[in-house]
Amino acid sequence: AQEKFPRWSPDGKNAAFLSTRSGNWALWGVAMRNGQAVGEPFLIQDGMNDAYLLNWTDGGLAAWSWIRINDVYLLEVDPATGEPAGGPRLLDYSPTGGNFVPTWSPDGKSVVFMKRIGASALSLVVSSGGSAREFAIPVTDYASMSNLKWSPRGEAGIMCTFKDDPMKRVLLRLDVHLGKWESQLLPPG
């Protein structure tokens, strides 16, 4: 397991630390006597991904974490001048806070974007004129996904690439009409 941020309790009888020993980052504690661990560590709080332990306070152990909020906004533009025609408005798609990398279709009638579902899953959302369809993305390494694009005329669907492993890139194509994914291994380089 990985472990980090050890903190002594104010009375010196326990130590708290973050550990992945349960699979995800969690807050663990262990009893201490004369500077040595006594007994087995015990789980205090699960769900401490992206958390950083600060120090003990009168109210307990203080921690902080980053919260990332991404959303898609639309902005009407006057085609004659290219100037904004009003202010940006949030794309009405719930839940908000996890929608990102929007790309317009070639005809300008639809937008596709990724939607974060929990900590480790994404889906692709195609929104057209107030209705939306959602497609689960059939990969596990979402961090390596890039290049979300519509095909030139939009008829072939939406494509993106991702790294299957450090040396392999895969092209994914979603046929929007059939709701079916196809994948193709790309040559090196």
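Please refer to the structure higher up on the page.
Residues numbered from 1 in each chain as written. Predicted model: local features only at pLDDT ≥ 70, side-chain atom pairs only at ≥ 80, totals over all residues. Heavy atoms only, no water.

A.B. asks: Can you lay out the pairing of strand β6 (residues 60-65) for me, pointing to particular residues and giving the numbers?
C.D. replies: Judged from the five bridges that link them, strand β5 (residues 51-57) and β6 form a sheet pairing that is antiparallel. Paired with Leu53 across the strands is Ala63, a residue of β6. Linkage of β5 to β6, two consecutive antiparallel strands, is achieved through a turn of two residues. (Pairing = 2+ DSSP bridges. Helix = DSSP H or I, 4+ residues; strand = E, 2+ residues; numbered from the N terminus.)

A.B. asks: An account of a nonpolar patch on the surface is requested, with residue identities and associated values reported.
C.D. replies: A grouping of Tyr52, Leu54, Trp64 and Trp66 is seen on the molecular surface, where their side chains present a nonpolar patch of about 460 Å² in accessible area. With respect to the secondary-structure elements, Trp66 resides in the loop between β6 and β7 (73-74). By relative accessible area, which is 66% here, Trp66 ends up exposed. (Patch = residues over 30% accessible without salt bridge, like charges linked within 9 Å, V, L, I, M, F, W, Y side chains within 5 Å. Areas by Shrake-Rupley, 256 points an atom, 1.4 Å probe, with all protein chains shown as cover. Salt bridge = Lys/Arg side-chain N within 4 Å of Asp/Glu carboxyl O. Buried < 20%, exposed > 50% of the residue type's maximum accessible area, 1.4 Å probe, protein only.)

A.B. asks: How would you explain the side chain of Asp175 if you had to name every residue and give the values?
C.D. replies: Structurally, Asp175 can be placed in strand β15 (residues 168-175). Here Asp175 sits buried without a salt bridge, and the closest side chain of opposite charge, Arg173, lies 4.5 Å off (N-O distance). (Lys, Arg positive; Asp, Glu negative; His and termini not counted.)

A.B. asks: With reference to specific residues and values, describe the environment of Gly87.
C.D. replies: Tracing the backbone shows Gly87 in the loop between β7 and β8 (89-90). Note: C-alpha distance between Gly87 and Glu76 (eleven residues apart in sequence) is 7.6 Å.

Function-wise, these values are silent; they only describe arrangement.
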